[in-house]
Amino acid sequence: MAQLFSAETYINAVMDQPLERRIPLPPNDYVGIIQKVEARQWSSKSDPSKSGVALDISIQLDLPFEVQQECQMDKPLLTIRDSVMLDLTENGALAQGPGQNRRLRGYREATHKNQLGVPFSPKDLVGCLIKVRIVHDLYEDQPIEKITAVTEA
């Protein structure tokens, strides 16, 4: 039987252990499955007149045993998220001209869904196997994982 959600359960939850950062994955290529694609509106914090739409793509990575050990993980699967900023037309539709939506094109090409005459929706990426390249950016002297490339698995 499904349990009813109660926000109070989480607001009143008591923890007696500090929350800790996860050890970042070593920079490398990883294979994963796209689990979810969601559209999100964004606006710049420094300039609210700048806004747009991004796709948040959740990818479940299959971690090699050595990476699990190095990162002290007890499971072979880890879900990470990539955000893809979209190029839009003046009417708010997805721009489809040459050089536009380069990152979305990378996902389409990696999943064999970038073909002339074949209908495509970003939701079609769900369930597809891909390979991602992870590198580290530094934020406040801490390494942050970043996906820089997506290719066919």
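In what follows, the accompanying structure is described. As the structure is a computational prediction, the values presented were derived from the model and not from experiment.

### Some details on the side chain of N101
- Looking at the element boundaries, N101 is found in the loop between β3 (77–85) and α3 (102–110).
- The buried category is assigned to N101, whose relative accessible area is 7%.
- Apart from residues no more than four positions distant in its own chain, N101 is found in contact with M85, L86, D87, L94 and A95.

### Concerning the sheet that holds strand β5 (residues 142–152)
- The five strands are arranged β3-β2-β1-β4-β5 in an open sheet whose pairing can be described as antiparallel. On the outer flanks of this sheet lie β3 and β5, each paired with one strand and no other. Each strand of the sheet is rotated relative to its neighbour by a mean of 35°, with strand direction disregarded.
- Two elements, strand β1 (residues 28–43) and strand β2 (residues 51–62), share 12 bridges in a ladder whose sense is antiparallel. Bridged to A39 within β2 is L55.
- Its contacts with the sheet place α3 against β1, β2, β3, β4 (129–139) and β5, and it is angled at close to 55° to β5.

How each quantity is defined
Residues numbered from 1 in each chain as written. Predicted model: local features only at pLDDT ≥ 70, side-chain atom pairs only at ≥ 80, totals over all residues. Heavy atoms only, no water. Helix = DSSP H or I, 4+ residues; strand = E, 2+ residues; numbered from the N terminus. Buried < 20%, exposed > 50% of the residue type's maximum accessible area, 1.4 Å probe, protein only. Contact = heavy atoms within 4.5 Å. Pairing = 2+ DSSP bridges. Axes fitted to C-alpha atoms, helices over the stretch in contact; angles between N-to-C directions.

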